[in-house]
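# Fold and contact review
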Amino acid sequence: KVMETRSIEIASKYNTKLYVGKSLEIKKEGTMVGIETTNFESMPIKNLVVQDKNCLLELDLKKGQTLSKMFEILSTAGQKVQGAMVQEKNYFSCIVEEKNKKNIEKSLKNAKINYSFKNYGTKITLVGSGFQTHLLALRNIFSALEDKGVKLKSLSISETAVVVLIEEKHAKTAAEVLSQRLGL
């Protein structure tokens, strides 16, 4: 069996189990490399960032209007984009900072793109790893918020981050319960 050297280095560095063998065999004959105690579902989330004064920007792209043009507009307005989501081929939403709202509006009007800002609130970003493949980590995050009655206005999940937009009045409660529940 041949392994990429870098994969073995990474597994060793982060004390991660690494299976060497054929994944499609019914009888799993192979070698497990690494320590036995790593459990990704309980792996600590590395960071929690709370940022007030955000809102959800929704765009309705018409024929001829493209995502590349929309990102150009947001870039020109000096905007960072988080929680981006595309539904179907003409609907796009993302979390943006309220302070950039006027610049974004001006650029979108000039490009004749239909838009709306809504769901003003606080953005919470949890940084870690394995969110898309290890769903128990997500269960821990959302059960902590649900237990305190915190409702999500927007949600985005990637392999390394979970980004939520919540009402500002719940920001302190959400930050405290997540910090406590996740050991931050």
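Fair warning: this is a prediction, and the values are worked out from it, not measured in the lab. (Residues numbered from 1 in each chain as written. Predicted model: local features only at pLDDT ≥ 70, side-chain atom pairs only at ≥ 80, totals over all residues. Heavy atoms only, no water.)

### Some remarks on the overall build of the protein chain
Counting secondary structure elements, the protein chain contains 5 helices and 8 strands. Element order for the protein chain, N to C, with α for helix and β for strand: α-β-β-β-α-β-β-α-β-α-β-β-α. Within the span of the protein chain, comprising 184 residues, buried residues form 34% of the whole. Long-range contacts, defined as pairs at least 24 residues apart, comprise 64% of the intrachain contacts of the protein chain with a sequence gap of at least 6. Surface exposure of the protein chain reaches about 11,600 Å², of which carbon and sulfur atoms provide 52%. (Helix = DSSP H or I, 4+ residues; strand = E, 2+ residues; numbered from the N terminus. Buried < 20%, exposed > 50% of the residue type's maximum accessible area, 1.4 Å probe, protein only. Contact = heavy atoms within 4.5 Å. Areas by Shrake-Rupley, 256 points an atom, 1.4 Å probe, with all protein chains shown as cover.)

### Section: the pairing of strand β3 (residues 47-60)
Two faces, one strand: in a regular strand the side chains alternate between the faces of the sheet. Summarising the sheet, β3 and strand β6 (residues 114-127) pair through 11 bridges and their orientation is antiparallel. In the sheet register, Glu 58 faces β6, and the bridge partner there is Ser 116. Bridge analysis of β3 against strand β5 (residues 91-97) gives 7 bridges, and the strand direction is antiparallel. Bridged to Glu 58 within β5 is Ser 93. (Pairing = 2+ DSSP bridges.)

### Digging into the pattern of salt bridges
Overall, the coordinates contain 5 salt bridges when judged by the stated rule. Note that Glu 58 and Lys 118 form a salt bridge whose closest N and O atoms lie 3.2 Å from each other. Of this pair, Glu 58 sits in strand β3 while Lys 118 sits in strand β6, and the two are 60 residues apart along the sequence. The class of Lys 118 is partly exposed, set by a relative accessible area of 36%. For Glu 72, the salt bridge identified is with Lys 69, shortest N-O distance 3.6 Å. Note that Glu 72 and Lys 69 are positioned in helix α2 (residues 67-76) at a spacing of 3 residues, about one turn of the helix. Lys 69 sits in the partly exposed class, given a relative accessible area of 37%. (Salt bridge = Lys/Arg side-chain N within 4 Å of Asp/Glu carboxyl O.)

### With respect to the packing of aromatic side chains
As enumerated under the stated definition, the model contains 2 aromatic pairs in all. For the pair Phe 71 and Phe 92, a centre-to-centre distance of 5.6 Å together with 75 degrees between the ring planes defines the contact as edge-to-face. Taken together, the residues Phe 71 in helix α2 and Phe 92 in strand β5 connect sequence positions 21 residues apart. Among the residues examined, Phe 71 registers a relative accessible area of 37% and is labelled partly exposed. (Phe/Tyr/Trp six-rings, centres within 6.5 Å; stacked < 30°, edge-to-face > 60°.)

### Things to note about the side chain of Ser 93
Relative to the helices and strands, Ser 93 is located in strand β5. With residues near it in sequence (within four places) discarded, Ser 93 still touches Leu 56, Leu 57, Glu 58, Gly 83, Ala 84 and Met 85.

### Some words on the sheet that holds strand β4 (residues 82-87)
Spatially, β4-β5-β3-β6-β8-β7 is the arrangement adopted by the 6 strands of the open sheet, whose pairing is antiparallel. This sheet does not close on itself; its edge strands, each paired only once, are β4 and β7 (152-157). Sheet twist, expressed as the mean angle between neighbouring strand axes with direction ignored, is 30 degrees. Running at roughly 15 degrees to β5, α2 makes contact with β3, β4 and β5 of the sheet. The strands touched by helix α5 (residues 171-182) within the sheet are β3, β6 and β8 (161-166), with β6 carrying the most contacts at an inclination of about 35 degrees. (Axes fitted to C-alpha atoms, helices over the stretch in contact; angles between N-to-C directions.)

### Some details on the packing of helix α4 (residues 135-147) against α5
Two elements in contact, α4 and α5, have axes separated by 9 Å at closest approach and are oriented at 135 degrees. Between α4 and α5, the crossing angle belongs to the class labelled oblique. Both α4 and α5 take part in a crossing whose hand is right-handed. Contacts from Asn 140, Ile 141, Ser 143, Ala 144, Leu 145 and Asp 147 in α4 reach Ala 174, Val 177, Leu 178, Arg 181 and Leu 182 in α5. For the contact of α4 with α5, a count of residues per class yields 7 nonpolar, 2 polar and 2 charged. (Parallel < 35°, antiparallel > 145°, perpendicular 65-115°, else oblique. Left-handed = near helix turned anticlockwise from the far one by under 90°. Nonpolar A, V, L, I, M, F, W, Y, C, P; charged D, E, K, R; others polar.)

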